[in-house]
Amino acid sequence: MSFREKSTWVLLAVTIIVYGWYFATTLGEALGAGVPPVADNVRLFGAVVIMVGLTIVAHIMIAILSPKEADTADERDRLIELRGDQRGGFVMTVALFSTLGLALAGASVFWIAHAALAGLVVSELVKAVTKLIDYRRGV
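Residues numbered from 1 in each chain as written. Predicted model: local features only at pLDDT ≥ 70, side-chain atom pairs only at ≥ 80, totals over all residues. Heavy atoms only, no water.

**Describing the nonpolar core**
Moving on, step 1. Ranked by internal contacts, the top residues of the largest apolar core, which has 13 residues, are Tyr19, Tyr22, Phe23 and Leu117.
Moving on, step 2. Looking at this core, the elements that each hand over two or more residues are α1 (3-33), α2 (41-65) and α4 (109-137).
Moving on, step 3. Ranked by residues supplied to this core, first place goes to α1 with seven residues. (Core = buried A, V, L, I, M, F, W, Y, C linked by side-chain atoms within 4.5 Å. Buried < 20%, exposed > 50% of the residue type's maximum accessible area, 1.4 Å probe, protein only. Helix = DSSP H or I, 4+ residues; strand = E, 2+ residues; numbered from the N terminus.)

This is the structure:
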């Protein structure tokens, strides 16, 4: 397994864990107690810091365990990255227009912000999964 593939696995796992926790706690509270007037910025900031920290530590560990692979990217890696970016970008575009639809419908700022964040997270998940599929199947 190449460094880029291991990196993609790490990003996928960290994204699912961190943002799964964030959305479960934040949306659980919002649905249970009504929509809060503003988003929980401390929890969101904490989720971002945890995500960055876990990703950095995991990438350092991957680089330590296989230092020769850490700096190489061949044409196949670049093609897989491009294809993943294209698919993730398509999902992000759909999410953007959905978020605009929420804004035009007069939804709460809380729901608009979380729809935008969810769109970003889902597009990153699509990007990671499609990259892993391309690595396994070959391009």
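**Quick word on the packing of helix α3 (residues 75-104) against α4**
Moving on, step 1. Where α3 meets α4, the closest approach of the two axes is 8 Å, and the angle between their N-to-C directions is 160 degrees. When the interaxial angle is binned, α3 and α4 end up roughly antiparallel. For α3 against α4, the interelement crossing comes out right-handed.
Moving on, step 2. Here the contact of α3 with α4 is built from residues that sort into 14 nonpolar, six polar and nine charged. (Axes fitted to C-alpha atoms, helices over the stretch in contact; angles between N-to-C directions. Parallel < 35°, antiparallel > 145°, perpendicular 65-115°, else oblique. Left-handed = near helix turned anticlockwise from the far one by under 90°. Nonpolar A, V, L, I, M, F, W, Y, C, P; charged D, E, K, R; others polar.)

**Some thoughts on the environment of Arg4**
Moving on, step 1. Topologically, Arg4 is positioned in helix α1.
Moving on, step 2. Considering only alpha carbons, one finds Arg4 and Thr72, 68 residues apart in sequence, at a separation of 8.8 Å.
Moving on, step 3. Once residues lying within four places of it in the same chain are set aside, the contact partners of Arg4 are Thr72, Ala73, Asp77 and Tyr135. (Contact = heavy atoms within 4.5 Å.)

**Here we look at the packing of aromatic side chains**
Moving on, step 1. This structure, assessed with the given rule, holds two aromatic pairs.
Moving on, step 2. For the ring pair Tyr22 and Phe23, a centre distance of 5.5 Å and an interplane angle of 70 degrees mean the geometry is edge-to-face.
Moving on, step 3. Given a relative accessible area of 0%, Tyr22 falls into the buried group.
Moving on, step 4. On the numbers, 5.0 Å between centres and 85 degrees between planes, the contact of Phe110 with Trp111 is edge-to-face.
Moving on, step 5. In this structure Phe110 comes out as buried when scored by relative accessible area, which is 2%. (Phe/Tyr/Trp six-rings, centres within 6.5 Å; stacked < 30°, edge-to-face > 60°.)

**What to know about α2**
Moving on, step 1. Taking 1.5 Å per residue as the helical rise, α2 with its 25 residues ought to reach 36 Å, and the 36 Å between its terminal C-alpha atoms agrees with that figure.
Moving on, step 2. By the burial criterion, the buried members of α2 are Arg43, Ala47, Met51, Thr55, Ala58, His59 and Ile62. (Expected span 1.5 Å × (residues − 1).)

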